[in-house]
Amino acid sequence: MTCLRENENGADLLIGFLEGTLPEAARNELVAHAAECSECGEMLAVQATLDAYEAPEVSANFDAQLYARIGADKRPWWQFTGWKMAIPAAMAAMLAVGVWIRQPEPVAVDHPQDVQQLEQALEDLELLMPAGSL
Amino acid sequence: MEVAATLERDAQLMLRVRDGDETSFAILLERHRSPVVHFVYRMVGNQAVAEELAQEVFFRVYKSRASYEPTAKFTTWLYRIASHLALNAIRDGKKRKYQQSLDQERPDGTEIQVPDGETSVEQRMVAQVRAAEVRQAIEALPDKQRAAVLMHKYQGLGYAQISATLEVSESATKSLLFRAYETLRVRLAHLA
Ligand SMILES: [Zn+2]
């Protein structure tokens, strides 16, 4: 059965025909049948009718608009938030830094004692090493 | 570089976009801009909405470049995004807002395009009426049938790729296509 409507594989047949994957014999058979059968004739003829439906040209500024959007998306956050948001944020940051700077220093390190300990350690090391190795 | 050699050109370009090459994105845009806009236009029936949605398609492609993996054909991915956005826009009723008076006139002022070659005014008018009938017949199709038939007829996608794009089985896709073509045959036979 070649008729698209009466064939349970009508969908396969039509899609194969339209996609150009139908074997040549089956293709010729369908074309011959379409000359006799009005429905199948219409089905093949409507393909040319559908070709007549063209879409409008794409606007000239399509790419520019797209790249503007991509560019806006890439921009760092402070360019979006603006100064209304940025000023309080900056002030809060400065305040935090100020608080940190004014923190009382921890107990002062006894530098002279550290140096003394280091010198002592080096002397001890020298004593342990064979003469001339250091 | 066996893998790269067997990859389709679009996937190779997209991998370069992933690696930060902006020129490859420009090439992909050049290759697919018109087909995607045309597809979405035929989906939603309005040029302004179509371009807005197509911009979103390419924006999403660019934005997700870092995670791109060439697991499917590039166009399968591209048309999956495009059909998803178009179907959503239709569902959101965005289309209806623009389409209220579509039967009488083009809301965006654009004329229905007809193939070049018609010279006389009369021939041009006949061609425009025919194109308008085709447009109305396509827009009357159920959403998934319309998406399937548009990809098949105008974007050159095979049923297997459409099946991957719409995420429905291949047999369901064949059925969608056959029913769509059958409905179009009944509605448009008098024009053939
Ligand atoms: Zn038949």
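Residues numbered from 1 in each chain as written. Chains lettered and ligands numbered in written order. Predicted model: local features only at pLDDT ≥ 70, side-chain atom pairs only at ≥ 80, totals over all residues. Heavy atoms only, no water.

## Concerning the coordination of the zinc ion
All names here are of chain A.
Then, number 1: The protein atoms that coordinate the zinc ion are Cys3 (SG), His33 (NE2), Cys37 (SG) and Cys40 (SG), at distances of 2.1 to 2.4 Å.
Then, number 2: Note that the zinc ion binds four donor atoms; their angles at the metal cover 103 to 119°, and the shape is tetrahedral.
Then, number 3: For the zinc ion, all donor residues lie on one chain, and their spacing in sequence is C-x29-H-x3-C-x2-C. Each member of the pair, His33 as well as Cys40, is classed as buried. (Donors = N, O, S within 2.8 Å, 3.2 Å for Na, K, Ca; no water. Tetrahedral: all angles 85-135°; square planar, octahedral: opposite > 155°, others 65-115°. Buried < 20%, exposed > 50% of the residue type's maximum accessible area, 1.4 Å probe, protein only.)

## Brief notes about the interface of chain A and chain B
Then, number 1: Opposite the 35 residues of chain A that make contact, chain B presents 46 residues.
Then, number 2: Carbon and sulfur atoms make up 64% of the surface buried where chain A meets chain B, a total of about 4000 Å² over both sides.
Then, number 3: Area buried by chain A at its contact with chain B is led by A:Tyr53, A:Pro56 and A:Phe62, which between them contribute 20% of it.
Then, number 4: Between the two partners, chain A and chain B, sit eight salt bridges.
Then, number 5: Across the pair A:Lys74 and B:Glu22 runs a salt bridge, and its minimum N-O distance is 3.1 Å.
Then, number 6: Summed over the shared surface of chain A and chain B, the number is 20 residue pairs in polar contact (both at pLDDT 80 or more).
Then, number 7: Secondary-structure elements contributing two or more residues to the side of chain A that touches chain B are helix H1 (10–19), helix H3 (38–51) and helix H4 (62–74) of chain A. (Contact = heavy atoms within 4.5 Å. Buried area = accessible area lost by both parts, 1.4 Å probe. Salt bridge = Lys/Arg side-chain N within 4 Å of Asp/Glu carboxyl O. Polar contact = N/O pair within 3.5 Å; in protein donor to acceptor, adjacent residues only side chain to side chain. Helix = DSSP H or I, 4+ residues; strand = E, 2+ residues; numbered from the N terminus.)

## With respect to the domain arrangement of chain B
All names here are of chain B.
Then, number 1: On domain assignment, one finds that chain B holds domain 1 (1–101) and domain 2 (119–192).
Then, number 2: A separation of 20 Å is found between the C-alpha centroids of domain 1 and domain 2.
Then, number 3: With 16 residues of domain 1 at the contact, the number on the domain 2 side is 17 residues.
Then, number 4: Overall, the association of domain 1 and domain 2 removes approximately 1500 Å² of surface from exposure, summing both partners, and the carbon and sulfur fraction of that is 57%.
Then, number 5: Counting every contact that joins domain 1 to domain 2 gives six residue pairs in polar contact (both at pLDDT 80 or more).
Then, number 6: Taken together, the elements giving at least two residues each to the side of domain 1 that touches domain 2 come down to helix H3 (22–44), helix H5 (74–91) and helix H6 (94–99).
Then, number 7: Here the residues of the side of domain 1 that touches domain 2 are counted per class, giving seven nonpolar, five polar and four charged. (Domains from an automatic or database assignment. Nonpolar A, V, L, I, M, F, W, Y, C, P; charged D, E, K, R; others polar.)

## Structural notes on the packing of aromatic side chains
Then, number 1: One pass over the structure, following the stated rule, counts eight aromatic pairs over all chains.
Then, number 2: Ring centres of A:Tyr53 and B:Tyr154 lie 6.2 Å apart, and the angle between their planes is 85°; on these two criteria the pair is classed as edge-to-face. Residue A:Tyr53 is located in the loop between H3 and H4, and its partner B:Tyr154 is located in the loop between helix H8 (143–153) and helix H9 (159–166); the two belong to separate chains.
Then, number 3: A:Tyr53 sits in the buried class, given a relative accessible area of 1%.
Then, number 4: Ring plane angle 70° and centroid distance 5.9 Å describe the contact between B:Phe74 and B:Trp77, whose orientation is recorded as edge-to-face. Linking B:Phe74 with B:Trp77, this pair stays in helix H5, spanning three residues, or about one helical turn.
Then, number 5: By the ring-pair criterion, three or more aromatic residues cluster together here, those being A:Tyr53, B:Tyr41 and B:Tyr154.
Then, number 6: Note that B:Arg42 overlies the ring of A:Tyr53, its terminal NZ or CZ placed 5.2 Å from the centroid. (Phe/Tyr/Trp six-rings, centres within 6.5 Å; stacked < 30°, edge-to-face > 60°. Lys NZ or Arg CZ within 6 Å of the ring centre and 35° of its normal.)

## Focus: the side chain of B:Glu56
Then, number 1: Position of B:Glu56 relative to the elements: it lies in helix H4 (residues 47–63).
Then, number 2: When its relative accessible area of 19% is taken as the criterion, B:Glu56 is described as buried.
Then, number 3: Only 2.6 Å separates the side chain of B:Glu56 from the side chain of A:Arg69, close enough to count as a polar contact.
Then, number 4: With residues near it in sequence (within four places) discarded, B:Glu56 still touches A:Arg69 and B:Leu85.

## Points about the nonpolar core
Residue and element names in this part refer to chain B.
Then, number 1: The biggest cluster of nonpolar side chains holds 80 residues, and the ones touching the most others in it are Val36, Val40, Met43 and Val44.
Then, number 2: It is H5 that contributes the most residues to this core, 11 residues altogether.
Then, number 3: If you count residues domain by domain, this core takes at least three from each of domain 1 (1–101) and domain 2 (119–192).
Then, number 4: For Val36, the residues in contact, after removing those within four places along its chain, are Ala54, Val57, Phe58, Leu78, Tyr79 and Ala82. (Core = buried A, V, L, I, M, F, W, Y, C linked by side-chain atoms within 4.5 Å.)

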